[in-house]
Amino acid sequence: MTILLSLSGISKTFDNGVEAIARLDLDVAEREFVSLVGPSGCGKSTALRIAAGLARPSAGTVSFPNGRPETGFVFQEPALMPWRTALANVRLPLELRGIARKDAEARSRTALERAGLKGFEDAYPRELSGGMKMRTSIARAMAAGPKLLLMDEPFAALDELSRQALNDDLLTLAREDQMTVLFVTHSVFESTYLSSRVVVMTPRPGRVTAEIRLSPPPLRDVSYRLTQEFADGARRVSQALRGAMGKGA
Amino acid sequence: MRAALKYLLPVLLGIAVLALWEFLVRRYDVPVFVLPGPSAIWPAFTANFSSLMDSLWTTLQVTWIAFAIALVAGLALAIVFAQSRTAEMALFPYAVILQVTPIIAVAPLILIWVGYEHVERAAIIIALIVAFFPILSNATLGLRSVDPGLLDLFRLYGASRWQILWRLQLPGALPYILAGMKISGGLALIGAVVAEFVAGSGTATGLAWRVTEAANRLEISKMFAALGLLSFVGIVNFYALSFLEWLMLHRWHESTFDRRE
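Attention here is on the structure that accompanies the text. Treat the numbers as computed from the prediction; the structure is a model and nothing was measured. (Residues numbered from 1 in each chain as written. Chains lettered and ligands numbered in written order. Predicted model: local features only at pLDDT ≥ 70, side-chain atom pairs only at ≥ 80, totals over all residues. Heavy atoms only, no water.)

### Observations regarding the sheet that holds strand 4 (residues 59-63) of chain A
Residues and elements named next belong to chain A.
So, point 1. The three strands are arranged 2-1-4 in an open sheet whose pairing can be described as antiparallel. Taken across any chain shown, the strands that pair with only one partner, and hence form the sheet edges, are strand 2 (19-29) and strand 4. Geometrically, the sheet is characterised by an average inter-axis angle of 10 degrees between neighbouring strands, direction not taken into account.
So, point 2. Both strand 1 (residues 3-13) and strand 4 contribute to a ladder of four bridges, which runs antiparallel. The residue of strand 4 that forms the bridge with Ser-8 is Thr-61.
So, point 3. Contacting strand 1, strand 2 and strand 4, helix 1 (residues 44-52) crosses the sheet at an angle of about 125 degrees to strand 1. (Pairing = 2+ DSSP bridges. Helix = DSSP H or I, 4+ residues; strand = E, 2+ residues; numbered from the N terminus. Axes fitted to C-alpha atoms, helices over the stretch in contact; angles between N-to-C directions. Contact = heavy atoms within 4.5 Å.)

Here it is, written out as structure tokens:
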């Protein structure tokens, strides 16, 4: 098992004195799908931003033993540029990297198609539904071919059906591209369905209080949600989460 | 049908008002040096056609040149402000002073400095001063109103300041800038008029001068003709800028969604 991302002793205190994270340790191995769950405000989004380099930890280190991998980030909001079409939005990371227009165009088209939006290349964000916007956002994160995908409650605002469809599509993309995923959510069922490991955080200041290893079948669909195995997993995550709440404040 | 009504209704209303105006003026024998009817204004317009057109052209030039300079300077300074808080803190109060000091009180000073033999230059400066601020303040606000998620995204991919400005801030600020331009377009015309009013004589040749001149001679019909042309300039500027706004925003911006259907 090769470690891809390692957070060690991470603490984060904001300028206003709020201590968001205290001594968080987390190693993520290559090709793992790790969910970070915890009550809201436990610093899981902050931990993700620190892993992405978007925020600086007050103490501790972020390291990538085999070098910093190409990283994609999917935010809670789709964060699309309303003046660009879906295709042009997906192309942005490639443009910023200075990749030639033609090449970038082709790669964006593929990414959009893989995210299930073939035929919507020229649609503007306002013409897309919530689920389609999120798909565009995922396609954009995929466009540069990331090895590490960081996702911050990406499906929280979606209806249950869109959410389940996106869960399955995400698993397919992660498997095909051999991606490592660190996924922040507060949904017990979502984390159980998606992850090979669920990491539970305490309320603020957040740190890791429990880890649940799951072994879901590599190819799963909606029927997996009805199995005893899934129910057991969900119960373990749920119990750990309740235990974590007890450790707060 | 709805589209036709949109143009037909204001036209019909205009004709009705003109007819009522003419009727009332005749019915109550209003003297022509108080309120001429439309039938008296039209001959005044045709009789002075060439001088009015020269004045129209002068006023248009002054307004457009001042507007163009205000646009470029306002945008440039807004970009500086968006890059540097220090620059904004140092300069913004002075931009405010420029804006809040009534232009009509400053105009005589500018005329003296520029000289009464160059009223059109003074007019450009005065129009520029009033047109500058709405563009500066709107563009500054727009450049700052960046979606924080998008800013994170740009940072994640190591975007340079230039890339952030060009691909994120400027397109995002476009609706604000265009709104500022619509206000400035109207203000530039006011500035051009103020300059000629304050000059009162000298080499002024714009429409405002025609209004002053006609008023002094009690040629109220000619005054109305010049006033009508001034409104015309304002209307042309406004709709030209509205059209530009539509061109640039209609594909993507929420403001162009008609939700009344």
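Next comes the rest of the write-up.
### Topic: the packing of helix 2 (residues 38-47) of chain B against helix 3 (residues 49-83) of chain B
Residue and element names in this part refer to chain B.
So, point 1. One way to put it is that helix 2 packs onto helix 3 with a least axis distance of 5 Å and a crossing angle of 75 degrees. In terms of axis orientation, helix 2 runs roughly perpendicular to helix 3. Counting all contacts with helix 2, which are made through Phe-45, Thr-46 and Ala-47, the residues of helix 3 involved are Phe-49, Leu-52 and Met-53. (Parallel < 35°, antiparallel > 145°, perpendicular 65-115°, else oblique.)

### Side note on the sheet that holds strand 6 (residues 148-152) of chain A
Residue and element names in this part refer to chain A.
So, point 1. Across the sheet, six strands lie side by side as 5-6-7-3-8-9; this open sheet has mixed pairing. Looking at strand neighbours, the two that pair on one side only are strand 5 (71-74) and strand 9 (208-213), the edges of this open sheet. The average angle at which neighbouring strand axes cross in this sheet is 15 degrees, direction not considered.
So, point 2. In this structure, strand 3 (residues 33-37) lies alongside strand 8 (residues 197-201), joined through four bridges in parallel fashion.

### Re the nonpolar core
So, point 1. Core analysis: the biggest nonpolar cluster contains 67 residues, and Leu-36, Phe-73, Leu-150 and Leu-182 of chain A together with Phe-154 and Met-181 of chain B have the highest contact counts within it.
So, point 2. The element best represented in this core is helix 8 (residues 161-199) of chain B, accounting for nine residues.
So, point 3. Setting aside anything within four residues of it in sequence, one finds Phe-154 of chain B in contact with Met-81, Leu-92 and Leu-96 of chain A together with Ala-159, Gln-163, Ile-164, Arg-167 and Leu-168 of chain B.
So, point 4. Counting residues in each nonpolar core, the second largest holds 22 residues, with Val-74, Met-142, Met-179 and Phe-230 of chain A among its members. (Core = buried A, V, L, I, M, F, W, Y, C linked by side-chain atoms within 4.5 Å. Buried < 20%, exposed > 50% of the residue type's maximum accessible area, 1.4 Å probe, protein only.)

### Some points on empty space enclosed by the protein
All names here are of chain A.
So, point 1. If you walk through the whole model with that rule in mind, you get one cavity of 30 Å³ or more.
So, point 2. Approximately 30 Å³ is the volume attributed to the largest cavity.
So, point 3. Lining of the largest cavity is provided by Ala-115, Arg-135, Ile-138, Leu-166, Asp-169, Leu-170 and Leu-173.
So, point 4. Among the elements that make up the lining of the largest cavity, the one with the highest residue count is helix 5 (residues 160-176) (four residues). (1 Å grid on protein atoms, 1.4 Å probe; cavity = no way out; pocket = protein on both sides within 12 Å on 5 of 7 lines; lining within 4 Å. Points joined across faces, edges and corners; volume = space filled by probe spheres on them.)

### A short note on the layout of surface pockets
Residues and elements named next belong to chain B.
So, point 1. As a volume, the largest pocket reaches approximately 410 Å³.
So, point 2. Gly-14, Leu-18, Trp-21, Pro-38 and Gly-228 are, among the 15 residues lining the largest pocket, the residues nearest its centre.
So, point 3. When contributions to the lining of the largest pocket are tallied by element, the ones reaching two or more residues are helix 1 (2-27), helix 2 and helix 10 (220-249).
So, point 4. At six residues, the largest contribution of residues to the lining of the largest pocket is made by helix 10.
So, point 5. Broken down by class, the residue content of the lining of the largest pocket amounts to 13 nonpolar, two polar and no charged. (Nonpolar A, V, L, I, M, F, W, Y, C, P; charged D, E, K, R; others polar.)

### Concerning the interface of chain B and chain A
So, point 1. Between chain B and chain A, the contact holds 22 residues from the first and 25 residues from the second.
So, point 2. In this assembly, chain B packs against chain A so that about 2,100 Å² is buried in total across both faces, 64% of it on carbon and sulfur atoms.
So, point 3. Across the pair Arg-49 of chain A and Asp-152 of chain B runs a salt bridge whose closest N-O atoms are separated by 2.5 Å.
So, point 4. Counting across the interface, chain B meets chain A through five residue pairs in polar contact (both at pLDDT 80 or more).
So, point 5. Breaking the side of chain B that touches chain A down by element, the ones donating at least two residues are helix 7 (148-156) and helix 8 of chain B.
So, point 6. Per-element accounting of the side of chain B that touches chain A gives the leading share, seven residues, to helix 7 of chain B.
So, point 7. Among the residues forming the side of chain B that touches chain A, the class breakdown is ten nonpolar, six polar and six charged. (Buried area = accessible area lost by both parts, 1.4 Å probe. Salt bridge = Lys/Arg side-chain N within 4 Å of Asp/Glu carboxyl O. Polar contact = N/O pair within 3.5 Å; in protein donor to acceptor, adjacent residues only side chain to side chain.)

### Notes on the pattern of salt bridges
So, point 1. Tallied over the full model, the rule gives 24 salt bridges over all chains.
So, point 2. The shortest N-O distance in the salt bridge between Arg-91 of chain A and Glu-105 of chain A comes to 3.1 Å. Of this pair, Arg-91 of chain A sits in helix 2 (residues 86-96) while Glu-105 of chain A sits in helix 3 (residues 101-114); the two residues are 14 residues apart in sequence, bridging distant segments of the chain.
So, point 3. One salt bridge in this structure joins Glu-95 of chain A and Arg-167 of chain B, with 2.1 Å as the shortest N-O distance. Pair noted here: Glu-95 of chain A is in helix 2 and Arg-167 of chain B is in helix 8, and the two residues belong to different chains.
So, point 4. Look at the salt bridges and you will find they share partners, linking Arg-84, Arg-91, Glu-95, Arg-101, Glu-105 and Arg-109 of chain A together with Arg-167 of chain B into a network.

### Focus: the packing of aromatic side chains
Residues and elements named next belong to chain A.
So, point 1. A complete count under the given rule lists 16 aromatic pairs over all chains for this structure.
So, point 2. Three or more aromatic residues joined by ring pairs form one cluster here, namely Phe-189, Tyr-193, Tyr-224 and Phe-230.
So, point 3. Sitting over the face of the ring of Tyr-193, Arg-220 holds its NZ or CZ atom 5.8 Å from the ring centroid.
So, point 4. Just above the ring of Tyr-193 sits the side chain of Arg-225; from NZ or CZ to the centre is 3.8 Å. (Phe/Tyr/Trp six-rings, centres within 6.5 Å; stacked < 30°, edge-to-face > 60°. Lys NZ or Arg CZ within 6 Å of the ring centre and 35° of its normal.)

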